[in-house]
Amino acid sequence: MRTPLIAGNWKMHYGAAETAAFLEELLTEERDPGVDVVVCPPAVALPMAAMVLTGSDIGLGAQNVHWEESGAFTGEVSALMLKEIGVQWVIVGHSERRTIFGETDETALARARAAQAANLEVIFCVGETLDERDAGETFAVLERQVADLGALDPGHLVLAYEPVWAIGTGRTATPQQAQEAHAFLRLRMSALFGGETSESLRILYGGSLKPANTGELLPLADVDGGLIGGASLDVRSFSAIIRAAADCAAGETP
Ligand code: 13P
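Residues numbered from 1 in each chain as written. Predicted model: local features only at pLDDT ≥ 70, side-chain atom pairs only at ≥ 80, totals over all residues. Heavy atoms only, no water.

**Q** Give a description of the overall build of the protein that names residues and reports values.
**A** Scanning the protein from N- to C-terminus turns up eleven helices and eight strands. Over its C-alpha trace the protein gives a radius of gyration of 17 Å, about what one expects of a compact globule, namely 18 Å for 254 residues. With the C-alpha coordinates of the protein rotated into their principal frame, the extents come out at 45 × 45 × 35 Å. Buried positions account for 51% of the 254 residues belonging to the protein. Residue pairs at least 24 apart in sequence account for 71% of intrachain contacts in the protein once pairs closer than 6 positions are excluded. (Helix = DSSP H or I, 4+ residues; strand = E, 2+ residues; numbered from the N terminus. Rg over C-alpha atoms; globule rule 2.2 N^0.38 Å. Buried < 20%, exposed > 50% of the residue type's maximum accessible area, 1.4 Å probe, protein only. Contact = heavy atoms within 4.5 Å.)

**Q** For the site of the ligand, give the residues involved together with the corresponding values.
**A** The full set of residues close to the ligand is Asn9, Lys11, His94, Glu162, Ala166, Ile167, Gly168, Gly207, Ser208, Leu227, Gly229 and Gly230. Here an oxygen atom of the ligand sits 2.9 Å away from a polar atom, N or O, in the side chain of Glu162. At 2.7 Å, a backbone N or O of Ser208 approaches an oxygen atom of the ligand. The fraction of the free accessible surface of the ligand (310 Å²) that becomes covered by protein chains is 94%. Here the shell around the ligand is built from residues that sort into three nonpolar, seven polar and two charged. (Near = heavy atom within 4 Å. Polar contact = N/O pair within 3.5 Å; in protein donor to acceptor, adjacent residues only side chain to side chain. Areas by Shrake-Rupley, 256 points an atom, 1.4 Å probe, with all protein chains shown as cover. Nonpolar A, V, L, I, M, F, W, Y, C, P; charged D, E, K, R; others polar.)

**Q** Any details on the pattern of salt bridges? Residues and values, ideally.
**A** Tallying each qualifying case throughout the model produces 15 salt bridges. A salt bridge links Glu199 to Arg2; the shortest N-O distance between them is 3.4 Å. With Glu199 in helix α9 (residues 195-200) and Arg2 in the segment before β1 (5-9), this pair connects stretches of sequence that are 197 residues apart. Overall, Arg2 belongs to the buried group, its relative accessible area being 18%. Linked through salt bridges whose partners overlap, the residues forming this network are Arg2, Arg186, Glu199, Asp222 and Asp224. (Salt bridge = Lys/Arg side-chain N within 4 Å of Asp/Glu carboxyl O.)

Rendered as structure tokens:
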């Protein structure tokens, strides 16, 4: 049985003051202990978030990490620097990093390895573009994106399937599209790490997930939670998604 994980990727939203206000409000919400919750604010707000979350069971994640410990890498942050301020998780290979900032499968893997070497939990993002889906290349793309993940420790790895065409578009994968992509990814993880490990590895769905569509996506057999952008920026909608995941885990339809 995999514990559901609901992670908020805030992208470039909320500075330190807004982060503190958001998290203080989130902490007042009643939360089911059966769901793991992680928030990923912008890098500059991480120290504030770490302070506000001290003693809580909400995990703190960064949105990116560099593969070297230090050096001449303007604008980058190392895994040890994140670790030092109390970060436990990091998102790697997000499609926005891939399409806007030139992230490749190789650099994403290097970042993930460095993060794990510093004892950070990795949320590794994969997903096809609309052109790739329309060309019937979805599974080939996913296969390529996870081909080298055998270099990672699966015990500290979460996959996130985020079809690029569903990110920030209001359009989600259908339950069938999501389930078949997740099942395919689990099969690839089984080939890399063995069946037992792949059964315990969490695969999150991401792409316009919001309270209104959790009911059709979170109960899917191979969907173990969500990586949420827009809907994670509002305490009420983020909390509603967490509750839906708890209901799902309890076998109730949200
Ligand atoms: P949206 O939920 O805004 O579509 O973003 C998804 C995402 O990119 C999470 O990483």
